[in-house]
Amino acid sequence: MTVANDARNAADDSSTGRQRPSVDTAYVHAHRGDTAPGAPVSPPLFMSTTFRRTAEGFPAPHFYSRISCPNRSAFEDAMVMLEHGSEAFAFASGLAASMAVFQTLRPGDHVVIPDDAYYGVRLQLQELLRHSGIRFTRTDMTDLSALRAILREPVALVWMETPSNPLLKVTDIRVVAKLAHACGARVVCDNTWATPVLQQPLLLGCDAVVHSVTKYIGGHSDVLMGCVVVRGHDEWCHELRRIQTIGGAVPSPATCWMASRGMQTLPVRMRAACASAARVAEFCAGDGRVVDVSYPGLPVHPGQVIAMDQMSLPGAMLSMRVRGGRAEALAVAGALKLFAHATSLGGVESLVEHRATVEPSDSGTPENLLRLSIGLEDGDELVADIDAAIRTVYP
Ligand SMILES: *Cc1c(COP(=O)(O)O)cnc(C)c1O
């Protein structure tokens, strides 16, 4: 039996022990508010920007919604619980969350990021922070000797993203965190693709986790939001809170409400999407017109062993490279009917994207690569759609 099959079974059967039975309940109940008779079962949305003070004039517990508000606090509390952190900071987008982390750096600080980091994260360091005196180096995080060589000089922050975008490279979170900590660097992991359902980087040694909530946590392609979750209560956490509340890139109460609702179904959605992704990956791996499939659940994937060690399932993202180049890849994307040809990922609907079109020209993403975000449609129908699209382009 292949590991992808194994993963599918794990997705179908919570008795394998991979998926703790309490996870579904924890997510559904993460937002349980008032349990008194007559209290609403769905949490109320508080649109107020300002809150009454006590007679002594003190805020109790909220006073102005940029600083805190009930729906944002409820979302942040749930993220703390699900990522096993100590504090969470919600932001207006995933990139506002990564920017907040970089804003804690000082002139002269050196940052290490993956060579295929989400391109917006790289552009923040390369363009927005180009006058800040912050240096950054890109490296393949799966090449530990390269990382060790970089860490011979002082590094302030090591940034991981695993599985990576769009090549699905798997970084060994424990090992990289250990190497970075030994050199005094802080360690942050972009956990957007795995979600806290599949992977909990804070338990594997990271100091912070960053999410584009826009993707799986929101889950319906209708909210733009980000989040940082930390462990500890040190000066750095305090600084992140100041960047959130004084920098002011915060999400609205309605956005937080939507994200909290999406979060409740996250484990169920992840299991279903991962099961279909495993089927699509197996199909593509066996098709001669697809020259390469990157999916951490396939035994041929170089990161498969690490993925199965640090993730409960291999995820619902995959990339395939088709025979030919840009023209063939775009033709296949255009011929798909169930997959919407659009950017982003993590929604209920499956998406396909030609990444080389949207990424900067120096990203190195192959022209024949298509990235698939597997949604909640029937897995057999998704496979049939890919099969039909490939037949159209390679008759
Ligand atoms: C989408 C994404 C981001 C950026 O998030 P936004 O919500 O679009 O700002 C960062 N990292 C990863 C891995 C992403 O997929």
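Residues numbered from 1 in each chain as written. Predicted model: local features only at pLDDT ≥ 70, side-chain atom pairs only at ≥ 80, totals over all residues. Heavy atoms only, no water.

Student: I tried to follow the packing of aromatic side chains on my own but got confused; where do I start?
Tutor: Here the distance between the centres and the angle between the planes together describe a pair of aromatic rings. Taken as a whole and assessed by the stated rule, the structure comprises two aromatic pairs. Their ring planes at 40° and their centres at 5.1 Å tell us that Phe102 and Trp159 sit as a pair that is tilted. Pair noted here: Phe102 is in helix 4 (residues 94-103) and Trp159 is in strand 4 (residues 157-161), with a separation of 57 residues, a long-range link. Residue Phe102 shares its accessibility class with Trp159, and that shared class is buried. (Phe/Tyr/Trp six-rings, centres within 6.5 Å; stacked < 30°, edge-to-face > 60°. Helix = DSSP H or I, 4+ residues; strand = E, 2+ residues; numbered from the N terminus. Buried < 20%, exposed > 50% of the residue type's maximum accessible area, 1.4 Å probe, protein only.)

Student: What is the right way to look at the environment of Ser22 in this model?
Tutor: On the secondary structure map, Ser22 appears in helix 2 (residues 22-29). A residue is classified by how much of its surface remains accessible, and Ser22, at 43% relative accessible area, is partly exposed.

Student: When you look at the nonpolar core in this model, what are you seeing that I'm missing?
Tutor: In globular proteins that are soluble, nonpolar side chains generally tend to be buried together. Counting residues in hydrophobic clusters, the biggest one holds 83 residues, and the most contacted among them are Phe75, Val158, Val280, Leu372, Ile374 and Ile386. The greatest single-element share of this core, amounting to nine residues, is contributed by helix 11 (residues 266-285). Beyond its immediate stretch of four places on either side in the chain, Ile386 contacts Val280, Phe283, Cys284, Met320, Leu336, Phe339 and Leu372. Membership of the second largest hydrophobic core comes to 27 residues, among which are Val111, Leu125, Val210 and Ile243. (Core = buried A, V, L, I, M, F, W, Y, C linked by side-chain atoms within 4.5 Å. Contact = heavy atoms within 4.5 Å.)

Student: Would you explain helix 3 (residues 70-83) in this entry?
Tutor: An α-helix turns once per 3.6 residues; consequently, residues spaced three or four apart project the same way. Helix length check: helix 3 (14 residues) gives 20 Å between terminal C-alpha atoms against 20 Å at 1.5 Å per residue, within 8%. Taking burial as the measure, the 14 residues of helix 3 include ten buried ones, the bulk of the element. (Expected span 1.5 Å × (residues − 1).)

Student: Looking at this structure, I do not really get the site of the ligand. What am I missing?
Tutor: Near the ligand there are 14 residues, and of these Leu95, Asp190, Ser212, Thr214 and Lys215 occur at the shortest range. The contact in question runs from an oxygen atom of the ligand to an N or O atom on the backbone of Leu95, over 2.8 Å. Within the side chain of Thr214, one N or O atom sits 2.6 Å away from an oxygen atom of the ligand. Burial of the ligand by the protein chains amounts to 92% of its free accessible area of 380 Å². Looking at the shell around the ligand residue by residue, the classes come out as six nonpolar, five polar and three charged. (Near = heavy atom within 4 Å. Polar contact = N/O pair within 3.5 Å; in protein donor to acceptor, adjacent residues only side chain to side chain. Areas by Shrake-Rupley, 256 points an atom, 1.4 Å probe, with all protein chains shown as cover. Nonpolar A, V, L, I, M, F, W, Y, C, P; charged D, E, K, R; others polar.)

Student: Quick question: what am I supposed to make of the pairing of strand 5 (residues 186-190) here?
Tutor: If a strand is regular, its side chains alternate between the two faces of the sheet. Buried residues dominate strand 5, accounting for four of its five residues. The β-α-β motif built from strand 4, the intervening helix 7 (residues 173-182) and the parallel element strand 5 has right-handed crossover chirality. Sheet topology places strand 5 next to strand 6 (residues 208-212); three bridges connect them, and they run parallel. Counterpart to Cys189 in the pairing with strand 6 is Val209. (Right-handed = clockwise from strand over helix to strand, strands pointing away. Pairing = 2+ DSSP bridges.)

Student: What exactly am I supposed to notice about unusual backbone geometry here?
Tutor: Negative phi characterises most residues that are not glycine, and trans characterises most peptide bonds. For the bond from Ala60 to Pro61, the omega torsion is -20°, close enough to zero to count as cis. As for its position among the elements, Pro61 is in the loop between helix 2 and helix 3. With an omega dihedral of -5°, the bond running from Thr162 to Pro163 counts as a cis peptide bond. Positioned with a positive phi, Thr195 is a non-glycine residue whose angle comes to about 65°. Residue position: Thr195 is located in helix 8 (residues 195-198). Not every positive phi belongs to a glycine, and Ser344 is a case in point at roughly 80°.

Student: Help me understand the pattern of salt bridges, please; the structure alone is not making it clear to me.
Tutor: Opposite charge on two side chains lets them pair, provided their charged atoms get close. By the definition in use, this model includes 20 salt bridges. Notably, a salt bridge pairs Asp362 with Arg122, separated by 3.1 Å at the nearest N-O pair. In this pair, Asp362 is assigned in the loop between helix 14 (355-358) and strand 12 (369-373) and Arg122 in helix 5 (residues 119-128), connecting sequence segments 240 residues apart. Its relative accessible area of 43% is what places Asp362 among the partly exposed residues. Here Arg122 falls in the buried class, since its relative accessible area comes to 3%. Residue Asp380 pairs with Arg279 through a salt bridge whose shortest N-O separation is 2.5 Å. In this pair, Asp380 is assigned in helix 15 (residues 379-393) and Arg279 in helix 11, connecting sequence segments 101 residues apart. (Salt bridge = Lys/Arg side-chain N within 4 Å of Asp/Glu carboxyl O.)

Student: Would you explain the confidence of the model for the protein chain in this entry?
Tutor: When the pLDDT values of the protein chain are averaged, the result is 93; 95% of them are 70 or greater. The model gives residues 1-21 a pLDDT under 50, and that stretch makes 34 contacts with residues more than four places away or in other chains. (pLDDT = per-residue confidence, 0-100.)

Student: Even after reading the chapter, I still don't get the environment of Ile306, so can you show me in this structure?
Tutor: Structurally, Ile306 is set in helix 12 (residues 304-310). Separated by 134 residues in sequence, Ile306 and Asp172 place their C-alpha atoms 6.2 Å apart. Once residues within four sequence positions are removed from consideration, Ile306 is found in contact with Val170, Thr171 and Asp172.

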